[in-house]
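Chain residues, written in single-letter form:
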Amino acid sequence: MSKTLAIIKPDAVEKNAAGAIIEKIQSAGFKILGLRMLKIDRSQAGVFYEVHKERPFYNDLCDYMSGGKIIPIALEKDNAVDDFRKVIGNTDPEQAEVGTIRKLFGTSKAVNAIHGSDSDENAAKEIVFFFNASELV
Ligand code: UDP
Ligand code: MG
């Protein structure tokens with residue numbers, strides 16, 4: 001078994017899509033280990049997305065992710081990182097496959113409803129950003 005971090009992003013929380021998104025995640029075979037709803041400030045968003053700090057979209061991304069409530073979810077499944085990337089689809093909802101969360105609920109390449117970790121190493125770092133290990137047992 002391995003772990004990944006999902007985040008239901010502010011746009012999806014705001015449009016009341018969280019329930020439908022969680023249903024899709026569970027139907028795809030992921031076990032929810034931890035889940036919370038919170039608002040992060042801009043500097044926390046900046047730390048979370050530090051790997052992108054040189055990218056042109058970094059400032060807008062930090063504004064977006066700190067602009068409303070988010071729902072981080074720690075997930076477990078075999079091959080969790082890659083399988084979850086398939087469930088969410090391409091970064092750009094227009095390019096995402098039919099039935100993926102981003103195709104269903106995303107608005108644009110920037111405002112795309114959900115986050116998924118991109119490697120086991122980053123999943124571990126991202127999960128501790130939002131959860132204490134003792135909460136997930
Ligand atoms: N993003 C953006 N413009 C881009 C690429 C990414 O606004 O050209 C935003 C988008 O919200 C994306 C996040 O930055 O989900 C992180 O980008 P990444 O390349 O890691 O995409 P992801 O792993 O989320 O598919
Ligand atoms: Mg990424």
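The present account deals with the structure reproduced in this document. Just so we're clear, the structure is a prediction, and the values are computed from it rather than from any experiment.

## Regarding the site of ligand 1
Here's step 1: The full set of residues close to ligand 1 is Lys9, His52, Phe57, Leu61, Arg85, Thr91, Arg102, Lys109, Ala110 and Asn112.
Here's step 2: In the model, an oxygen atom of ligand 1 is placed 2.9 Å from a nitrogen or oxygen of the His52 side chain.
Here's step 3: Here Asn112 contributes a side-chain N or O atom positioned 2.9 Å from an oxygen atom of ligand 1.
Here's step 4: Starting from 500 Å² of accessible surface for ligand 1 in isolation, the protein chains cover 83%.
Here's step 5: Within the shell around ligand 1, the residues separate by chemical class into 3 nonpolar, 3 polar and 4 charged.

## Points about the nonpolar core
Here's step 1: Membership of the largest hydrophobic core comes to 21 residues, with the highest contact counts inside it found for Ile8, Ile21, Ile25, Ile73, Phe84 and Ile101.
Here's step 2: Breaking this core down by element, the ones donating at least two residues are strand S1 (2-8), helix H1 (10-14), helix H2 (18-27), strand S3 (71-77), helix H5 (80-88) and helix H6 (101-105).
Here's step 3: Counting 19 residues, the second-largest nonpolar core is a separate cluster that includes Leu38, Ile40, Tyr64 and Leu136.

## As for the packing of aromatic side chains
Here's step 1: Applying the stated criterion across every chain yields a total of 5 aromatic pairs.
Here's step 2: With a centroid separation of 5.3 Å and an interplanar angle of 80°, the aromatic rings of Phe30 and Phe84 are classed as edge-to-face. In this pair, Phe30 is assigned in the loop between H2 and strand S2 (31-35) and Phe84 in helix H5, connecting sequence segments 54 residues apart. Note on accessibility: Phe30 and Phe84 belong to one class, buried.
Here's step 3: Connected via pairs of aromatic rings, a cluster forms that spans Phe48, Tyr49, Phe129 and Phe130.
Here's step 4: The ring of Phe30 carries Lys77 above its face, with NZ or CZ at 5.7 Å from the centroid.

What counts and what doesn't
Residues numbered from 1 in each chain as written. Chains lettered and ligands numbered in written order. Predicted model: local features only at pLDDT ≥ 70, side-chain atom pairs only at ≥ 80, totals over all residues. Heavy atoms only, no water. Near = heavy atom within 4 Å. Polar contact = N/O pair within 3.5 Å; in protein donor to acceptor, adjacent residues only side chain to side chain. Areas by Shrake-Rupley, 256 points an atom, 1.4 Å probe, with all protein chains shown as cover. Nonpolar A, V, L, I, M, F, W, Y, C, P; charged D, E, K, R; others polar. Core = buried A, V, L, I, M, F, W, Y, C linked by side-chain atoms within 4.5 Å. Buried < 20%, exposed > 50% of the residue type's maximum accessible area, 1.4 Å probe, protein only. Helix = DSSP H or I, 4+ residues; strand = E, 2+ residues; numbered from the N terminus. Phe/Tyr/Trp six-rings, centres within 6.5 Å; stacked < 30°, edge-to-face > 60°. Lys NZ or Arg CZ within 6 Å of the ring centre and 35° of its normal.

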